[in-house]
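Letter by letter, the chains look like this.
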Amino acid sequence: MVSRVIPVEVFDLVIFGATGDLARRKILPGLYRRYLAGQIPPDSRIIGAARSAMTEAEFRQMVREAIDEFVSLDKRDARIISEFIDHLSYVAVDAKGEEGWAALKALVRPDRVQAFYFSVAPALFGDLAERLHAWGIAHPQSRIVVEKPFGRDLQTARALNATLAEHFCEQQIYRIDHYLGKETVQNLMAVRFANILFEPLWNAQYIDHVQITVAETVGVEGRGAYYDKSGAMRDMVQNHLMQLICLIAMEPPYHFDPNAVRDEKLKVIRALQPVAPEDIVRGQYLGLKGAPGYIEDSENPESKTESYIALKVQVANWRWQGTPFYLRTGKKLRARESEIAITFKEPPHSIFDDAPGWRENVLVIRLQPNEGMNLKVMIKEPGPGGMRLVQVPLDMSFADALGEEGADIPDAYERLIMDVIRGNQTLFMRGDEVEAAWAWTDPIIQGWEARGDRPRGYDPGTSGPEDALMLMHRDGRRWREIRE
Ligand code: NAP
């Protein structure tokens, strides 16, 4: 099956922070891949902007090196790379001063789709928005893309929304959560809402519980000082895991339309219950065999910031009353793995004598590695040994089902940038969604701060603190293995 690549309109994209880590690792290599796929019309312009003084040739060389480093060998075509590089310009611009803005204005065409990617520290978002207007560069159809973190609590998120709203209306603001750009995450909506099979069972009557795991093997590495002000709750749960809860728990929107989808997600966030202290486990990785622990990495001996968190969350509405959502995310765990597991209830009665203790159906949605889904079902064990049951996975990994084209899944950033150009906000967070997410998160954080709770230590390479096991054991359930 050949996936269709539909070219977008001719556009001018300005990447503020073009010399930074995100631009080098994700944005620029992603744009190259879309160019290679034929999605970017040749007349488009990609303009890098940052403070560093750099000639166009130096910037192009930097991008060439980024492509060599971050694009797989089979996608590196020397002729296409040169063509792509020819589309790039660079302007030295200071977000906090007036240097460079006149040159930028001269490059951005007013009659094209315009997008401005704010790949800089959030403290600069307001300055950029203000100067884009003051210099008459942005127009009412221009789009701005803003990166995470969107605030560090409700108050700062509100302030940021208010600052952006001074110069751009909500339809122009694209708040990125790259989890929403993942193929499987969108497939979750397709599976739920384009099939009759799952939706009748998609509620507390048939679903026992939901587990969401986002496990990383890396620690905080060089970002320790920055991370220490954030922690797993702010860095992962408030945004990425929250978005996953929304897509699982939301009601069917009346249409696959940006506001219809986001209205339903907002209702889920507002239905989230406060989380009791006994339903929260926080952890910090320990040092092991000479490798530094979180305390050393963060260079803060008194740090109470969590590098791991597990939570039991309840969505208080008719559909989900009584079905807990267990979330966990952490650093330096056994494997890099992100998945959602939906565990269905057991059948009410067994007609088989030799049933190996009923095993429930589980729908596993893998975000990484190997994006795909599988559904665990009971079947008869093959062979003449009588009616013995065995649980097997029905695998729906994209590479198998869709052939080579299925395996060639665009990176989340690529897809999201193309959505910005198309003007489709469905996979971006609306301002009220972000604020509602913080309104739920803030009291949880304030609670452990007021209690002076310290995170539990856990050994690197494990599945996190022991207490997190108890979070599920005491409910008669268990976490799925984090596999190497
Ligand atoms: P970074 O490596 O520190 O890069 C920051 C960029 O901002 C550099 O290009 C820098 O240019 C530019 N810059 C700094 N001050 C400026 C000013 N006054 N005017 C114009 N440009 C200025 O940061 P990053 O890791 O790429 O992150 C960028 C944004 O993405 C942040 O909001 C971050 O939270 C978010 N994000 C990053 C990642 C990631 O994996 N890196 C993931 C998720 C979200 P000069 O070097 O020329 O000063």
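Parameters at a glance
- Residues numbered from 1 in each chain as written.
- Predicted model: local features only at pLDDT ≥ 70, side-chain atom pairs only at ≥ 80, totals over all residues.
- Heavy atoms only, no water.
- 1 Å grid on protein atoms, 1.4 Å probe; cavity = no way out; pocket = protein on both sides within 12 Å on 5 of 7 lines; lining within 4 Å.
- Points joined across faces, edges and corners; volume = space filled by probe spheres on them.
- Helix = DSSP H or I, 4+ residues; strand = E, 2+ residues; numbered from the N terminus.
- Nonpolar A, V, L, I, M, F, W, Y, C, P; charged D, E, K, R; others polar.
- Buried < 20%, exposed > 50% of the residue type's maximum accessible area, 1.4 Å probe, protein only.
- Pairing = 2+ DSSP bridges.
- Expected span 1.5 Å × (residues − 1).
- Axes fitted to C-alpha atoms, helices over the stretch in contact; angles between N-to-C directions.
- Contact = heavy atoms within 4.5 Å.
- UniProt positions renumbered as here; feature names shortened; annotations may be inferred.
- Core = buried A, V, L, I, M, F, W, Y, C linked by side-chain atoms within 4.5 Å.
- Salt bridge = Lys/Arg side-chain N within 4 Å of Asp/Glu carboxyl O.
- Parallel < 35°, antiparallel > 145°, perpendicular 65-115°, else oblique.
- Left-handed = near helix turned anticlockwise from the far one by under 90°.

(A) Molecular detail of the layout of surface pockets. Within this model, the second largest pocket holds a volume of roughly 480 Å³. Lining the second largest pocket are 24 residues, and of these Q211, R478, W479, R480 and E481 sit closest to its centre. When contributions to the lining of the second largest pocket are tallied by element, the ones reaching two or more residues are β7 (207-215), β11 (337-344) and α15 (466-473). No other element matches β7, which puts three residues into the lining of the second largest pocket. Class assignment for the residues of the lining of the second largest pocket results in five nonpolar, seven polar and twelve charged.

(B) Inspection of the pairing of β11 at higher detail. In terms of residue burial, β11 counts as a mostly covered element, since eight of its eight residues are buried. What you see with β11 is no split at all: E337, E339, A341 and T343 on one side and S338, I340, I342 and F344 on the other are buried throughout. Across eight bridges, β7 lies against β11 in antiparallel orientation. Looking across to β11, one finds that A215 is bridged to E337. Looking at chain direction, β11 and strand β12 (residues 362-368) are connected through six bridges and run antiparallel. For A341, the partnering residue across the bridge sits in β12 and is V364.

(C) Representation of helix α14 (residues 431-451) within the structure. End to end, α14 covers 31 Å across 21 residues, agreeing with the expected 30 Å (1.5 Å per residue, within 8%). Once α14 finishes, G452 follows within two positions and takes phi at roughly 70°, a positive value.

(D) Main features of the sheet that holds strand β6 (residues 173-175). The sheet built from six strands is open, its strands ordered β3-β2-β1-β4-β5-β6 with parallel pairing. Strands with a single pairing partner mark the edges of an open sheet, and in this sheet they are β3 (88-92) and β6. Each strand axis lies, on average, 20° off the axis of its neighbour in the sheet, ignoring direction. In the packing of helix α1 (residues 21-36) onto the sheet, the strands contacted are β1 (11-16), β2 (45-50) and β4 (113-118), and the crossing angle to β1 comes to about 170°.

(E) The UniProt feature "binding site: NADP(+)" (unreviewed entry) in the protein chain, seen in detail. UniProt records the feature "binding site: NADP(+)" (unreviewed entry) at G17, A18, T19, G20, D21, L22, A23, R24, R51 and K148, using the numbering of this structure. Excluding anything up to four places from it in sequence, A18 contacts A23, L28, G48, A49, A50, F59 and M62.

(F) Highlighting the nonpolar core. Ranked by internal contacts, the top residues of the largest apolar core, which has 112 residues, are L31, W202, L311, F325, I342 and W440. Per-element accounting of this core gives the leading share, twelve residues, to helix α9 (residues 232-249). Those residues in contact with F325, other than ones at most four positions away along the chain, are V210, I245, I248, A249, L311, K312, V313, V315 and W320. Ranked by size, the runner-up nonpolar core spans 30 residues in total, among them V14, A49, I144 and M429.

(G) Spatial organisation of the pattern of salt bridges. A full pass over the atoms with the stated rule returns 40 salt bridges. Across the salt bridge formed by D411 and K26, the nearest N and O atoms sit 3.4 Å from each other. Note that D411 is positioned in the loop between α12 (398-407) and α13 (412-422) and K26 in helix α1, a separation of 385 residues in sequence. Among the residues examined, D411 registers a relative accessible area of 21% and is labelled partly exposed. According to the relative accessible area criterion, K26 is partly exposed, its value standing at 26%.

(H) Spatial organisation of the packing of α1 against α13. In contact at an axis separation of 8 Å, α1 and α13 are set at 70° when each is read in the N-to-C sense. Accordingly, the angle class assigned to the pair α1 and α13 is roughly perpendicular. Between α1 and α13 lies a crossing of right-handed hand. From α1, L22, K26, I27, G30, L31, R33 and R34 reach across to α13, where they touch Y413, E414, I417 and M418. Classifying every residue of the contact of α1 with α13 by side-chain character gives six nonpolar, one polar and four charged.

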